[in-house]
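Reading the structure
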Amino acid sequence: MPWKKLPSCILLLLALAYPVQSKLSSQKDSFQEDLLISPLKDGKLLAHFQFTTLVDAGGLDEKDGRYAHYGLFPKSIGQIIDHHRVQELHLTFTQGRWQYEDWGYPVAQSAGTGVELWAWMKLDDSIESNWRSLTNTLSGLFCASLNFIDGTLTSQPELSFRPEGAKNSYNHDERMREGAEVRYGILPHENVCTENLTPWIKLLPCKSKAGIATLLNAHKLYDTNYHSMAIHIRPVCQDANCTSQSLELVQTVTSVLDPVRESGRRDWSFSSLFGREIQSACPVSDRSAVTVLLPSEQHEYQLTPSYDTIIERTAAQVERPIAVYNLSQHTEPLNLQMTWNEGEFSYPLQTSKPRVYAHKYMTGYGHERGGVTVNIFNNMNESQDISYFDSVPWFLKLYLHTLEVSVLGKDHIDQNDIVQDLYYQPAVDRSRPQVLEMKLRLPPDSVTAVSIEFDKVFLKYTEHRPDANRGFDVGPAVITTLLPAGDDNLASTVLELVTNRDTPTRQNIKVYTEILLASLPTPDFSMPYNVITLTCTVIALFFGSIFNLLIRGFSVTEDEVDEKKHENKDEISNSS
Amino acid sequence: MPDSTKRLVIASVWAVVLLGLPLWWKTTAVYRAQLPFSQIDSWAERKACQLSFPSTFVIHLASIADGEPQAHNRPLDFAVIQETITSHVNNRLASTNARECVEFPLHVNIQNWPITSDMKNLLHHIEPSNSKQVIAIADIEEVSSAVITAILKGERERVRSLACDSELTERSNLDGARTMKFSPTYQMTFSLMNGNPDSLQVDWDIEAAVNTYLKPFISEVSLVSNFTVDSQIQHYADLAVTPQFMERQKLPSYYYLTPQTLPHFINSAEWNLASAISSYPTINFILYIPAADKTPLRIHDDKGQPLRSNAFLIPRWGGIAIKNPPKAASGKLEFSKEDLKPFMEIFVAQLRGLIGIHDLKKTMSSLESSYEISLAPTPQTAVTVIEMDAVVKQRIAENVVNSIATLKSLAQLVMDIPNMVVLDHIRTEVQLSLDSLNQACQALQQEDYLKALQHSIHAIERSEKAFFDPTMVSMLYFPDEHKYAIYMPLFVPVSVPLIMAVIKQLKEYKKEKREQKVKAE
Amino acid sequence: MMTRKAILIPPLAFILRIVLFNIPTIADTLATRVEVVTPITSFKRLTEGLYLYENSVPPYDNGIFHQAPFLLVLFSALTSLSPLAIPIVYAGVDTFIGYALVVITQMKQKNYANAPKLEVEKEMAPIDPWTVAALYLFNPLTILSCVSKSTLIFTNLSVVLSVALALKGDAIYSMFWVAIASYLSFYPAMLMPALVLIISKWTPSNNSTLVKQARASTFYFVAWLALFLISSRILVGSWDYLYSTYGTILCLTDLTPNVGMFWYFFIEMFDQFRNFFLVVFQLHAFIFVAPLCIKIREHPVFVIIVLSGMMSILKSYPSVGDAALFLGLLPVHDELFKYARYGFLVTNLYLYSAALAPIFWHLWIYAGSGNANFFYAITLVYNLGQVLLLIDLVYAVLRRSYDIANPHTIGKEVVHK
């Protein structure tokens, strides 16, 4: 209802009493949006959207109310980070499997199917309740069932998932971890759909109304071979001495689209891929750019409209031309189009494999026991150190003494040469999962097999899911390693280059294996009362018979007949 | 077979069975802590403690210490005047209905206020223009009772309706519908909504504005509730309603919204107004900058005239102010602290309504007196002592009544569902809540409103904590027939021989005793 | 006196077991069969616990290892000796159990030489002690249990030794061995009153009545048990192992199938009644200790046989090793066999369940064409067989006593009153 303004005599300026520097809310915020398009070797197309929001976090000392006034940074994320005392947060929603052998390494790190959440949280008494509250809050924010990540699915990696923010260290540095602890949880069975995308888009300053985010068409996006949506929050240093920090929110969508599936040709355009064009750049963004990684041979393709800048062989790591379109300078809508000068696309017979990748599979048969084997491939000519992480749920009981690490075909290499370090946390039934972490040194040009046996647990009748015969999902194994820039992680090197950030000489690569489906033995779900009746019958039979035997004596049935005979005899003798 | 062996065997088996009985009880019984039902009932019927809201008014009568003797008043009998004023006020405010669930004791204190003659000039409103006229006692009484009546009338009505209407009747007055439900903490969010940033980008120095204009008010009101303040800027905030275009010939045309469309103004789906950490109720204040193709945007009242303030309040939710960007503006529109001052004034006024402060001017407008009465303003904190007092009393009444209602619902729920688990900590919370109610009532009688408010806040917090405890949902509901199906297969075949054995032994024992008697005779 | 049997039987049994240990298919298959091996006696789990223990991971902070700490120490010593040590130890222990059975039979026959007997029995020779040993050592159930490396064999050894020493009158060491058995498996504690009866009945020491003997023996039992528990705590470093070992036995945290009746009952039981039925089942295992000791106090060795039979049915994790112990002790009282009424039925039930259990397990777990009810039904049949055997035995001993007291009723129909 209408409200009258109060006379201003009620409010007087008291600027002297409350001296405060004039600071606009979005003064120190910055927002950048990027789209990277890279054709892949097998004719598919990688489209990677990245939206970065930076907010000034003040000095290294924490101030109360630091995150109270938001400009470009979304308030819901800031409140969650503040309230749960989170230092770093990574949440990824993935559907499909990233084919490392065909596509190289993804730009976004996390590629485990399902929903993966890991966070570095400040260590105090309430860290467990903070983690629980964090999963529930994120579950409500993104309409996903993250609240199922409870104690039975949470693990604390020791070697992998190091902090990536300002307090980071690519090497395992104890000092850097002071005051914070990591928590990791994954739901391999979770489906990703529009309900998760919509709240994610609402976190962007321009939402889906302007800028690159207008291309995010759910109909087209969820029709792809692989799609992954993530938010990453981490502190970054603003200068070399890290005297001031910013909080960085990176929202990414990675999808692998297949134009060959529709037309047989590799040609693509924004309208064919996404059904839309980019109307304009986001007005509040500092930079809004579309980057296309071009094939090395210029005659193979045509790219329209012509690009704004081209970066050609400037960095030693990249040997292909990169076309950059700066959207802030464009006034018309942008509809990129690339046509290839070829007939039908023919799949390459041999693709060069990435340097390190892995496959995981189950061995054995039957519902009683089985084994898990992970084959780790090292295609380089030198040995490589990797960290291996696997969190197996409690309903598969691993036997650590059956762990075998061997190199296929080279039996002479001893297990102790490969395994540098081993961390193992056994599972407790219904309480926590198993965590197996190893530091391995992979020999050059080899396939290392890590295998372990397990027993399947017989669950209670109520612990089975409604679709009990489908089985339970087991999360992927994660292999972390440092690799210099190369042909297989070209896309991420290019993105780093274009966003003008420091291109480190070595990048942290995470390789995710497949998820597994373990079918556990099921009881007959229609039988509870029958079982109770049958078992109790046997026990009652036992009890009743023994009890009666113990308290009753014997008496001969013929005694009475004999007595009667004797009586009759007496009578007869008496009478006679 | 010797009977003693048989009896020993039966006894040993029964010993184990009897050992099992308390274990059965322990493992299958529903744990229910005993709640103080009688105490809750007595509070619900308002028998436990009589709520009273005493007020004390101190009237300072000026008398010139060093002045002409005849200008001075004759010695006044303060006690008589006090009584007269009190009885006048009570007569005027006597309530019509017989049942008095709340008491309003009134104390009037008259004190002498000696002043020096050079301060006479400041007291122009007491000394009449004609210096020869003498102030009559009746005037003092009339003025005082008029003022006190005016102040107390609205306050007493509101408190009485809160405390006495046990059926929670719908409060038909606008004031009640507007006020937010009480919470010890509120979250206040200021949102700057930009309709279309393509043409105009916006930014504001909200932190400074809040610290300068809002903090004094908040710290004054922190007596009753605390506020946490945060803010955000939202771009591309589309309207859910379409404004209509008012074409005017001589004056500039504009777009307008009618009062019927205002309830739909908030586009909750697209504007990120929900709080991620919402433990407390949220009060939202929105500063809306319309898109370039919808400027200027005005709000019409129900007579079709545009409002000057261009702002409106949504009851129990928050307030909205619309700022039309200047025509020449393009690029960036930045609100400095001074630019935000008019909007903060609007927001503070809306906030006052939302937390239950009743405007003193309105209250005093019902005053009828032949004398001119002026009220001292509060330049800094935007809320006067009388207004705060009224709010405190209202909140105390609201808290007490609501916590009694919550406890009564809890007791009814527990009694209606015999299978519900009631843990010990729920009983503790209920006990603490009742204790706080008691202490609140006693503090009220002693006119210690601060303490009474504290205790009433504790009472409502604890009663809600008990009622909304997560364990209150778990019910061990198991249909009886299924229980029979579970117990019977084992226990019926096992108990039959046990019981038969005992019966047989008793029969034999009786027979033996009879035979012994016969033998003895 | 070394008869021919005495010379032949032990080495034959030993060699047979060593041979079977060296056939990997048999040894490895048996080590994981659920009928023979349970979560609290599995050798694979013991290896896992040992591995964790040797690598400084707390061996009881998991859901796999549920066995007593003394076994950790024993096997840690054995594995450090040589890989052959373990089969030799198992085969040796089994053979020694056979020898202990010989001792028990001999002592029992000596004690019963002057007891009242039936007319027919006065002419019949009692069973040869080495036949008893042979019946145990060559019982397929025993061999299966031994070759599977189930740690139940140590419990069986302790039980048998405690009976033998009780017959010899050594209260302290008899209580020592029964304390070891209870420490390892919990349920053998129910044998203690019967052992006290044995000691006080046949080895009258100066002026000790039953009550005094009972008090002394209880004291020894409790003292030994406390010693074991405290030294385990010192070995492992904390009291966690109590929850992992006895907690699993009592609260059935692991629901792996076995030949008992608990597992499926508690898979299908509703949560509200779970604790209650656990209490009922555990109490039920112990409910007949006192009545049997009171009623059949004349034949305490028989009480031990019946109690070991009850353990094999009513334990939370029974296996065929428990049945092996029961069937091994059974021929000690061979004079009861003539009263057995259901011999044919019981034998058939054993054979039937032994044949079908592996088949139905395979159908459920591997082939997927059967479900859990098949295997559950076989466990019911197996337990029913054992129940009938027990009922028959109790009837036999009571009828025999009645016939000895009333010789004219031999062969006649009797009815319970």
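Rules used throughout
Residues numbered from 1 in each chain as written. Chains lettered and ligands numbered in written order. Predicted model: local features only at pLDDT ≥ 70, side-chain atom pairs only at ≥ 80, totals over all residues. Heavy atoms only, no water. Contact = heavy atoms within 4.5 Å. Buried area = accessible area lost by both parts, 1.4 Å probe. Salt bridge = Lys/Arg side-chain N within 4 Å of Asp/Glu carboxyl O. Polar contact = N/O pair within 3.5 Å; in protein donor to acceptor, adjacent residues only side chain to side chain. Helix = DSSP H or I, 4+ residues; strand = E, 2+ residues; numbered from the N terminus. Phe/Tyr/Trp six-rings, centres within 6.5 Å; stacked < 30°, edge-to-face > 60°. Buried < 20%, exposed > 50% of the residue type's maximum accessible area, 1.4 Å probe, protein only. Lys NZ or Arg CZ within 6 Å of the ring centre and 35° of its normal. Pairing = 2+ DSSP bridges. Axes fitted to C-alpha atoms, helices over the stretch in contact; angles between N-to-C directions. UniProt positions renumbered as here; feature names shortened; annotations may be inferred. Patch = residues over 30% accessible without salt bridge, like charges linked within 9 Å, V, L, I, M, F, W, Y side chains within 5 Å. Areas by Shrake-Rupley, 256 points an atom, 1.4 Å probe, with all protein chains shown as cover. 1 Å grid on protein atoms, 1.4 Å probe; cavity = no way out; pocket = protein on both sides within 12 Å on 5 of 7 lines; lining within 4 Å. Points joined across faces, edges and corners; volume = space filled by probe spheres on them. Nonpolar A, V, L, I, M, F, W, Y, C, P; charged D, E, K, R; others polar. Parallel < 35°, antiparallel > 145°, perpendicular 65-115°, else oblique. Left-handed = near helix turned anticlockwise from the far one by under 90°. pLDDT = per-residue confidence, 0-100.

If you look at the interface, chain A gives 53 residues, while chain C gives 63 residues. The largest per-residue losses of area from chain A upon contact with chain C belong to A:F458, A:F542 and A:F554, which jointly make up 15% of the total buried on that side. Connecting chain A to chain C are 3 salt bridges. On the surface where chain A and chain C come into contact, there are 21 residue pairs in polar contact (both at pLDDT 80 or more). Secondary-structure elements contributing two or more residues to the side of chain A that touches chain C are strand 18 (396–407), strand 21 (446–456), helix 10 (528–551) and strand 26 (554–556) of chain A.

Let us look at the packing of aromatic side chains. The tally for this structure, following the rule as stated, stands at 88 aromatic pairs over all chains. When the ring of A:F395 is compared with that of A:F472, the centres are 4.8 Å apart and the planes differ by 45 degrees; the resulting orientation is tilted. Here A:F472 lies in strand 22 (residues 472–474) and A:F395 lies in the loop between strand 17 (384–392) and strand 18, a separation of 77 residues in the sequence. Looking at A:F395, the relative accessible area reads 9%, which means it is buried. Members of the aromatic cluster, connected to one another through ring pairs, are B:W24, B:W25, B:Y487, B:F491, C:F262, C:F265, C:F266, C:F273, C:F276, C:F277 and C:F281. Lying across the ring of B:Y254, B:R298 places its NZ or CZ 5.1 Å from the centre. When the ring centre of A:Y399 is taken as reference, the NZ or CZ atom of C:K44 above it lies at 4.4 Å.

Glancing now at the sheet that holds strand 13 (residues 318–322) of chain B. Residues and elements named next belong to chain B. With mixed pairing, 5 strands are arranged side by side in an open sheet as 7-5-10-13-12. The open sheet has two edge strands, strand 7 (226–234) and strand 12 (311–314), and neither has a second partner. Each strand of the sheet is rotated relative to its neighbour by a mean of 15 degrees, with strand direction disregarded. Two strands pair when backbone bridges link them, and strand 5 (residues 185–194) and strand 10 (residues 282–289) are joined in this way by 8 bridges, in the parallel orientation. The residue bridging T189 from the neighbouring strand is N284, located in strand 10.

What follows covers the pattern of salt bridges. Residue and element names in this part refer to chain B. Inspection of the entire model under this criterion finds 46 salt bridges over all chains. Residue D424 is joined to R427 by a salt bridge in which the shortest nitrogen-to-oxygen separation is 3.2 Å. Taken together, the residues span about one helical turn, with D424 and R427 both in helix 10 (residues 424–445) at a distance of 3 residues. With relative accessibility at 33%, the residue D424 sits in the partly exposed group. Residue classification places R427 among the partly exposed residues on the basis of a relative accessible area of 32%.

All names here are of chain B. The UniProt feature table records "transmembrane region" (unreviewed entry) at residues 7–25 and 484–503. Across residues 7–25, the secondary structure splits into 100% helix and 0% strand, with the terminal C-alpha atoms separated by 27 Å. Here residues 484–503 runs as 100% helix and 0% strand, with 25 Å between its end C-alpha atoms.

A contiguous nonpolar surface patch, about 650 Å² in accessible area, is contributed by B:Y484, B:M488, B:V492, B:V496, B:I499, B:M500 and B:I503. As for its placement among the helices and strands, B:V496 is situated in helix 12 (residues 480–520).

Residues and elements named next belong to chain C. Considering the arrangement of structural elements, one finds T248 in helix 13 (residues 240–251). Considered as a pair, T248 and Y317 are 69 residues apart in the sequence and their alpha carbons are 9.8 Å apart. Discounting chain neighbours no more than four positions away, the residues touching T248 are I40, H66, Y243, T253, D254 and Y317.

The next subject is empty space enclosed by the protein. Any empty space left between atoms is shown by rolling a water-sized probe over those atoms. In the structure shown here, the tally under the stated rule is 12 cavities of 30 Å³ or more. There is about 290 Å³ of room inside the largest cavity. Lining the largest cavity are 23 residues; nearest its centre among them are A:R369, A:Y399, A:D455, C:R45 and C:T256. When residues of the lining of the largest cavity are traced back to their parent elements, those giving at least two are strand 18 and strand 21 of chain A together with helix 3 (43–54) of chain C. Classifying every residue of the lining of the largest cavity gives 8 nonpolar, 5 polar and 10 charged. The calculated volume of the second largest cavity comes to roughly 120 Å³. As for the second largest cavity, its lining consists of 15 residues, of which C:I40, C:Q67, C:A68, C:L184 and C:S185 are closest to the centre.

Glancing now at the interface of chain C and chain B. Contacts between the two partners involve 16 residues from chain C, matched on the other side by 22 residues from chain B. In total, chain C and chain B occlude about 1,800 Å² of area from one another, counting both sides; carbon and sulfur atoms represent 84% of this. Broken down residue by residue, the surface that chain C buries against chain B is led by C:Q272, C:F273 and C:F276, which jointly contribute 32%. Our enumeration of links across chain C and chain B arrives at 0 salt bridges.

All names here are of chain A. The buried count for strand 8 (residues 244–257) comes to 13 of 14 residues, which makes it a mostly enclosed element. Pairing of strand 7 (residues 226–237) with strand 8 involves 12 bridges; the strand directions are antiparallel. Directly across from S228, in strand 8, lies its bridge partner T254.

The next thing to look at is the packing of helix 8 (residues 140–147) of chain C against helix 18 (residues 320–329) of chain C. Residues and elements named next belong to chain C. Between helix 8 and helix 18, the shortest axis-to-axis distance is 8 Å and the interhelical angle comes to 135 degrees. What the angle tells us is that helix 8 and helix 18 run oblique. Helix 18 is crossed by helix 8, and the crossing has left-handed handedness. Contacts between helix 8 and helix 18 involve L141, T142 and S145 on the former and, on the latter, V320, G321, A323, A324 and L327. In the contact of helix 8 with helix 18, the residues fall into 5 nonpolar, 3 polar and no charged.

Low pLDDT means the predicted atomic positions in that stretch should not be read closely. The pLDDT averaged across chain C works out to 91; a share of 98% of its residues lies at or above 70. Our summary of model confidence lists the complex with pTM equal to 0.87 and ipTM equal to 0.93.

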